[in-house]
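So you can see what is in the structure, the chains are spelled out below.
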Amino acid sequence: TKVVADTGDIEAIRQYQPVDATTNPSLILKAAALPDYQPLLKESIEWAQAQGEEDIAALACDWLTVNIGKAILDVVPGLVSTEVDARLSFDTEATVKKAQKIIELYRSIGVDTDRVLIKIASTWEGIRAAETLEQQGIRCNLTLLFSFAQAKACADAGVYLISPFVGRIMDWYKASQGVERFAPEEDPGVLSVSKIYNYYKQNGFKTVVMGASFRNIDEIRQLAGCDCLTIAPPLLDELSNSKEPLAHKLQKPFEISDRQPEAITES
Ligand code: E4P
């Protein structure tokens, strides 16, 4: 299992030494307030103003996102995921354009773009955009993925990586079904990821499975053995309370059966 940090916080990335990191617009916004990034924040506005275009805020935002991505790449040995604004999630063409723009910006600051994954919501339109981008050699991380159908469509489209969510599935059970908890091995988010993982492996799909959106370390432990797990710093902290390297703790054969979450809710 590859340990991935789900954060833009460079200090946390230095501390936990993940292989890769994932960001999204809210993580970038949070990171932008950190002292480490204050010089970049100022530069982003100056850079955007110098472009002579109208939407200075949007330009500054793109520049900052990409420069935070570069700062992360200077610390991790692997990949960084940079997300396309979710407001474009239902527009294939706009998503492709935005992804190409992000890649161009990375290139303009000397980043090896083979180390960048473009994160895109797993809507039908997003999956079509990813299919086009993958054909152009731009690797994608399909996020906001909650169902087997989305995962199947992503694999068929040849995307490099998917981020099936765990915690947000449980969030839904809590909010709309009044369910407080499941046993860790019966957590519907965990079962969703395991079903997808097992299907991919059994059918020879190369798309990487990265469990995401964790709410507690039980969920993470259940999914040890998955290709990658992206974990926020507070949970990395909880998991790190021993000398054994984190990646070793998460190495085990993937043992979870592919029971359906629906069956669990009935019990
Ligand atoms: C990963 O792709 C996402 O950024 C993240 O795991 C989402 O987690 P959340 O459900 O806590 O927002």
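It should be emphasised that the depicted structure is a prediction, and the values quoted were computed from it without experimental measurement.

Here we look at the site of the ligand
- For the ligand, the full set of nearby residues is Asp6, Thr22, Asn24, Thr143, Ser163, Phe165, Gly167, Arg168, Ala212, Ser213 and Thr230.
- Considering only residue class, the shell around the ligand consists of 2 nonpolar, 7 polar and 2 charged.

Description of the sheet that holds strand E3 (residues 80–83)
- Within the closed barrel, the 8 strands sit side by side as E1-E2-E3-E4-E5-E6-E7-E8. Their pairing is parallel. Pairs of neighbouring strands in the sheet enclose a mean axial angle of 30°, with direction left out of account.
- Sheet topology places strand E6 (residues 161–164) next to strand E7 (residues 208–211); 2 bridges connect them, and they run parallel. Counterpart to Leu161 in the pairing with E7 is Val208.
- Helix H9 (residues 188–202) rests against E6 and E7 of the sheet, and its axis sits at about 170° to E7.

Section: the UniProt feature "active site" (unreviewed entry) in the chain
- The positions that UniProt labels "active site" (unreviewed entry) are, in the present scheme, Lys119.
- With respect to the element layout, Lys119 can be found in strand E4 (residues 116–121).
- Under the C-beta neighbour-count criterion, Lys119 is labelled buried, with 26 such atoms within 10 Å.
- For Lys119, the contacting residues outside a window of four places in its chain are Thr22, Asn24, Ser81, Thr82, Glu83, Val84, Asn141 and Thr143.

Overview of the pairing of E7
- With 2 bridges joining them, E7 and strand E8 (residues 228–231) adopt parallel strand pairing. Within E8, the position partnered with Gly211 by the bridge is Leu229.
- The handedness of the E7 to E8 crossover, carried by helix H10 (residues 217–222), is right-handed.

Some points on the environment of Asp112
- Here Asp112 shows up in the loop between helix H5 (92–108) and E4.
- C-alpha separation for the pair Asp112 and Leu73, spaced 39 residues apart in sequence, amounts to 9.5 Å.

Some remarks on the environment of Pro39
- Structurally, Pro39 is set in helix H3 (residues 38–50).
- Take Pro39: there are 10 C-beta atoms within 10 Å of it, and that puts it in the exposed class.

Quick notes on the packing of helix H2 (residues 25–32) against helix H4 (residues 56–73)
- At a minimum axis separation of 11 Å, H2 and H4 run at an interaxial angle of 80°. For the element pair H2 / H4, the angle class is roughly perpendicular. Along the contact surface, H2 presents Ile28, Ala31 and Ala32, while H4 presents Leu64, Thr65 and Ile68.
- Residue composition of the contact of H2 with H4, by class: 5 nonpolar, 1 polar and no charged.

Re unusual backbone geometry
- Of note in this structure, Gln17 is not a glycine but carries a positive phi near 45°.
- Looking at the secondary structure, you find Gln17 in the loop between helix H1 (10–16) and strand E2 (20–22).
- Residue Gln17 is classed as partly exposed on the basis of its 15 C-beta neighbours within 10 Å.
- The phi dihedral of Leu144 falls on the positive side, at around 50°, and the residue is not glycine.
- Inspection of the secondary structure assignment puts Leu144 in strand E5 (residues 140–145).

Some words on the packing of H5 against helix H6 (residues 124–135)
- The N-to-C vectors of H5 and H6 enclose an angle of 45°; their axes lie 8 Å apart at closest approach. Judged by the inter-axis angle, H5 sits oblique to H6. With respect to the hand of their crossing, H5 and H6 are arranged in right-handed fashion. Every residue of H6 that contacts H5 at Thr92, Thr95, Val96 and Ala99 is listed here: Glu125, Gly126, Arg128, Ala129, Thr132 and Leu133.
- Among the residues making up the contact of H5 with H6, the classes are represented as 4 nonpolar, 4 polar and 2 charged.

Rules of the game
- Residues numbered from 1 in each chain as written.
- Predicted model: local features only at pLDDT ≥ 70, side-chain atom pairs only at ≥ 80, totals over all residues.
- Near = placed C-beta within 6 Å.
- Nonpolar A, V, L, I, M, F, W, Y, C, P; charged D, E, K, R; others polar.
- Pairing = 2+ DSSP bridges.
- Helix = DSSP H or I, 4+ residues; strand = E, 2+ residues; numbered from the N terminus.
- Axes fitted to C-alpha atoms, helices over the stretch in contact; angles between N-to-C directions.
- Contact = placed C-beta atoms within 7 Å.
- UniProt positions renumbered as here; feature names shortened; annotations may be inferred.
- Buried ≥ 20, exposed ≤ 12 C-beta atoms within 10 Å, placed from the backbone.
- Right-handed = clockwise from strand over helix to strand, strands pointing away.
- Parallel < 35°, antiparallel > 145°, perpendicular 65-115°, else oblique.
- Left-handed = near helix turned anticlockwise from the far one by under 90°.

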